[in-house]
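Structure assessment
In case you want the letters, here they are:
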Amino acid sequence: MIHNPILRGFHPDPSIIRVGEDYYIATSTFEWWPGVRLHHSKDLIHWNLIEYPLTRTSQLDLRGVGPSQGIWAPCLTYDKGIFYLVYTVVKAFYCNMYDTENYLVTAQDIHGPWSEPAALNNFGFDPSLFHDDDGRKYMVSMVTDHRVPKKYVGRLVLQEFDAANRRMTGPVKDIYRADGIFLEGPHIFKRNGWYYLFSADTGTGEAHGQTIQRARDIWGPYEMYRPEDTYRQEGEAYSVLTSRHHEDILLQKAGHCDLVETPEGEWYAVHLCGRASEDRNPEDAERFAGARRYMLGRETAIQRMHWTRDGWLELADGGNVPRETVEPPRCGNVPCEEAEPLDRIDLPGSTAGISGHGNMVRESAPLRTGTMQDSAQDAKFAEHDFTRDDFDMPTLHLDYQSLRIPLDGHYISLTERPGWLRMYGRSGLSSRFSQTLIARRVTEYHMDAGCCVAFEPEVFKQMAGLILMYDTDNYLYLHISRDEDVGKCITLLRAENKRYEYLTDYIPIEENRDIELKLSLRGTWVQFFCGFRGEAIQQTGPRINGSFLSDEACTEGWFTGAMVGICCQDLTGFGKYADFDWFEVQAGQVLN
């Protein structure tokens, strides 16, 4: 069976295609660099991360963008030997007038190289390219409206795209207007002479859903599917997939779908979803009062679909509620091939990665050095991602991402000290321009992470360590620094919506000793540890509820997810470096 989510942790807004026997999914990366995550599969069960398409600053410049801005909702399509990727770069949000710049890049090979971007229209975000069977191409997107009040609650526009000249052409026309139902994330498909408009409805929270409309002409008018057995309250969308009214199921926030057909003619929809924690916002919270917190962010799941006799699309198993386990396509019933080897690429300031390896069950393994104090429930868990990086390769793994910029030799080096990652301290953790930080997604509510670092700070403005973060305003940072009275020391900093608090005293440590820093996440509770290399580690600071590192709890960004990483800052401007010998993350889901 396919076990959802198929892309765990921060992987929202999925777009899927099939080319021959190969499936590819593109997901949003927001302020994280490089731009757009691509995953590959042969069977819709096992997914492997492949090269990013937006790897050059000439393609993507994210300097200065705010939390949860940057790359929104990429759409991946394929036509006559060419891969097309359209995406939005959001540069102004949480304001009256949004800046939503839409671009297109192309490639003849999914692994690149990808072209320089062509500018498209900027009416709104979530652009999607449709290739009609007569050779013409069209782009559909939602429309932002800065007027007060808005003219319409929801609006979608369509315009033709001139592929030969790589520009939009012809009139821009509304194909959807509504006073009550907000639609976004639109895609157009054609089947049996019908044009289908497949759109996300009702935001991206727990009321999220997916609608479908159709018309005989691409310009409309479109009729919305209103199945008789779909539960609908006044003012709700007629969603063919949604989690609302089912707070008890695993896959919440279901919506923002895309479709793919298998070689055998079976249909599947990928969609975003979220796995809620047990924590909620306070009832007097500034926004989303009382809402459940989603520390892992929005993830990607898949559902089996079918077409009704009268030409509408529904979940294959009936109803409109997402399933946690899904029957794979017929080719998935034969033994699967071994997962593909992890790819490495040589990019400027390469960011790196490791992909998941299916749903295996293993005995829980501790981090490989030192000792971790485990809770009783850690005896066994389903392992989805396990890696230790000893920094002994010429490039970083694909799974790492940095904030807003590529990390070239000004920020990191894998050669200055072979077998170590050297990180040169640059701007502080609030910077939207020049941070020295790499991180990976938190994929489960059960996770251990750690690193070994050699760092000899000279002043308190120099720091390096292990970070669990949501964005530049929200993080837990166990780091080495120096205090005028204590000397070289370790401390734990908590940042929550620009409120800062040190959770420990300045703990003195010896000079010229390698330090191991670790954390343990159990549910939403985080415990940090530290110690000298090869010696027992000790609890450092209190046990902390980390659920504030979630979509609903952050007051500016709320579209990404928790990340775990390593970083270095030098606020003196001299670039003091820290050397990391290894970084390890073990994540799994506790079995019931």
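Here, every reference points to the structure presented above.
Residues numbered from 1 in each chain as written. Predicted model: local features only at pLDDT ≥ 70, side-chain atom pairs only at ≥ 80, totals over all residues. Heavy atoms only, no water.

On to the sheet that holds strand 6 (residues 48-50), then. Spatial ordering of the open sheet is given by 2-3-5-6, a layout of 4 strands whose pairing is antiparallel. Each edge of the sheet is formed by a strand with only one pairing partner; in this case those strands are strand 2 (15-19) and strand 6. Along the sheet, successive strands turn relative to each other by an average axial angle of 30°, direction set aside. Relative to strand 6, strand 5 (residues 37-41) runs antiparallel, the two being bridged by 3 bridges. Bridge pairing links His40 to Asn48 in strand 6. (Pairing = 2+ DSSP bridges. Helix = DSSP H or I, 4+ residues; strand = E, 2+ residues; numbered from the N terminus. Axes fitted to C-alpha atoms, helices over the stretch in contact; angles between N-to-C directions.)

Judged by nonpolar contacts, the single largest core of 95 residues is most densely connected at Leu421, Met447, Leu468, Val564, Ile566 and Phe580. Broken down by element, this core gets its largest block of residues, 7 residues, from strand 32 (residues 462-471). Excluding its chain neighbours within four sequence positions, the residues that come into contact with Met447 are Val442, Leu468, Leu519, Ser520, Leu521, Arg522, Val564, Val585, Gln586 and Ala587. One finds Trp33, Ile50, Leu54 and Ile71 within the second-largest nonpolar core, a separate group that totals 23 residues. (Core = buried A, V, L, I, M, F, W, Y, C linked by side-chain atoms within 4.5 Å. Buried < 20%, exposed > 50% of the residue type's maximum accessible area, 1.4 Å probe, protein only. Contact = heavy atoms within 4.5 Å.)

Here Gly112 and Pro113 are connected by a cis peptide whose omega angle stands at 5°. Relative to the helices and strands, Pro113 resides in the loop between strand 9 (99-107) and strand 10 (118-119). Residue Gly220 is joined to Pro221 through a cis peptide bond whose omega torsion reads 5°. Among the secondary structure elements, Pro221 is positioned in the loop between strand 17 (209-215) and strand 18 (223-224). The backbone of His245 shows a phi angle near 75°, a positive value even though the residue is not glycine. Even without a glycine there, the phi angle at Arg404 is positive, about 75°. Relative to the helices and strands, Arg404 resides in the loop between strand 27 (402-403) and strand 28 (412-413). Overall, the relative accessible area of 1% leaves Arg404 in the buried class.

For the rest of this paragraph, the subject is the side chain of Thr540. With respect to the element layout, Thr540 can be found in strand 39 (residues 538-545). A polar contact of 3.2 Å, which involves the side chain of Thr540, links it to the backbone oxygen of Gln538. Excluding residues within four positions of it along the chain, Thr540 makes contact with Leu478, Leu492, Thr504, Ile507, Gln527, Phe528, Phe529 and Cys530. (Polar contact = N/O pair within 3.5 Å; in protein donor to acceptor, adjacent residues only side chain to side chain.)

Within this structure, the stated rule accounts for 2 cavities of 30 Å³ or more. Approximately 50 Å³ is the volume found for the largest cavity. What lines the largest cavity is a set of 13 residues, among which Ala73, Pro74, Pro127, His187 and His256 lie closest to the centre. Listed by contribution, the elements that provide at least two residues to the lining of the largest cavity are strand 7 (70-79) and strand 15 (183-191). (1 Å grid on protein atoms, 1.4 Å probe; cavity = no way out; pocket = protein on both sides within 12 Å on 5 of 7 lines; lining within 4 Å. Points joined across faces, edges and corners; volume = space filled by probe spheres on them.)

Quick look at the packing of aromatic side chains now. Taken as a whole and assessed by the stated rule, the structure comprises 20 aromatic pairs. Taken together, a centroid distance of 4.8 Å and an interplanar angle of 70° make the contact between Trp72 and Phe125 edge-to-face. Within this pair, whereas Trp72 is found in strand 7, its partner Phe125 is found in the loop between strand 10 and strand 11 (128-131), the two being separated by 53 residues in sequence. In this structure an aromatic cluster arises from ring pairing among Phe10, Phe30, Trp72, Phe125, Phe288, Trp558 and Phe559. The ring centre of Trp219 lies 5.2 Å from the NZ or CZ of Lys173, which sits over that ring. Here the basic side chain of Arg422 rests over the ring of Tyr577, its NZ or CZ set 3.7 Å away from the ring centre. (Phe/Tyr/Trp six-rings, centres within 6.5 Å; stacked < 30°, edge-to-face > 60°. Lys NZ or Arg CZ within 6 Å of the ring centre and 35° of its normal.)

To continue, consider the environment of Val459. As for its placement among the helices and strands, Val459 is situated in the loop between strand 31 (446-454) and strand 32. When its relative accessible area of 34% is taken as the criterion, Val459 is described as partly exposed. Separated by 113 residues in the primary sequence, Val459 and Thr572 have C-alpha atoms spaced 8.6 Å apart. Residues contacting Val459, with those up to four places away along its chain left out, are Ser481, Arg482 and Thr572.

Enumeration according to the criterion identifies 41 salt bridges in this entry. Note that Asp399 and Arg440 form a salt bridge whose closest N and O atoms lie 2.7 Å from each other. Remark: Arg440 occurs in strand 30 (residues 436-441) and Asp399 occurs in the loop between strand 26 (380-389) and strand 27; sequence separation between them is 41 residues. The same class applies to Asp399 and to Arg440, which are both buried. With a shortest N-O distance of 2.9 Å, Glu511 and Arg482 are connected by a salt bridge. Here Glu511, found in the loop between strand 36 (507-508) and strand 37 (515-522), pairs with Arg482, found in strand 33 (residues 474-483); they are 29 residues apart in sequence, far enough to count as distant. (Salt bridge = Lys/Arg side-chain N within 4 Å of Asp/Glu carboxyl O.)

Right, let's talk about the pairing of strand 14 (residues 167-178) for a bit. Looking at chain direction, strand 13 (residues 154-162) and strand 14 are connected through 8 bridges and run antiparallel. By the bridge assignment for strand 14, Leu156 is matched with Tyr176. Counted between consecutive antiparallel strands, the loop separating strand 13 from strand 14 contains 4 residues, among which Arg166 sits at a positive phi close to 55°.

Attention now goes to the environment of Val19. Among the structural elements, Val19 can be located in strand 2. Under the relative-accessibility criterion, Val19 is labelled buried at 18%. Each C-alpha atom of the pair Val19 and Phe83 lies 9.6 Å from the other, and the pair is 64 residues apart in sequence. Leave out the neighbours within four places in its chain, and Val19 touches Tyr24, Tyr78 and Phe83.

Our focus in this paragraph is the sheet that holds strand 20 (residues 252-261). Strand order across the open sheet formed by 4 strands is 20-21-22-23, with antiparallel pairing between neighbours. Edge positions in the sheet fall to strand 20 and strand 23 (313-315), since each has one partner strand and no second. The average angle at which neighbouring strand axes cross in this sheet is 40°, direction not considered. Bridge count between strand 20 and strand 21 (residues 267-274): 6 bridges; the pairing is antiparallel. If you follow Leu259 over to strand 21, its bridge partner there is Ala269.

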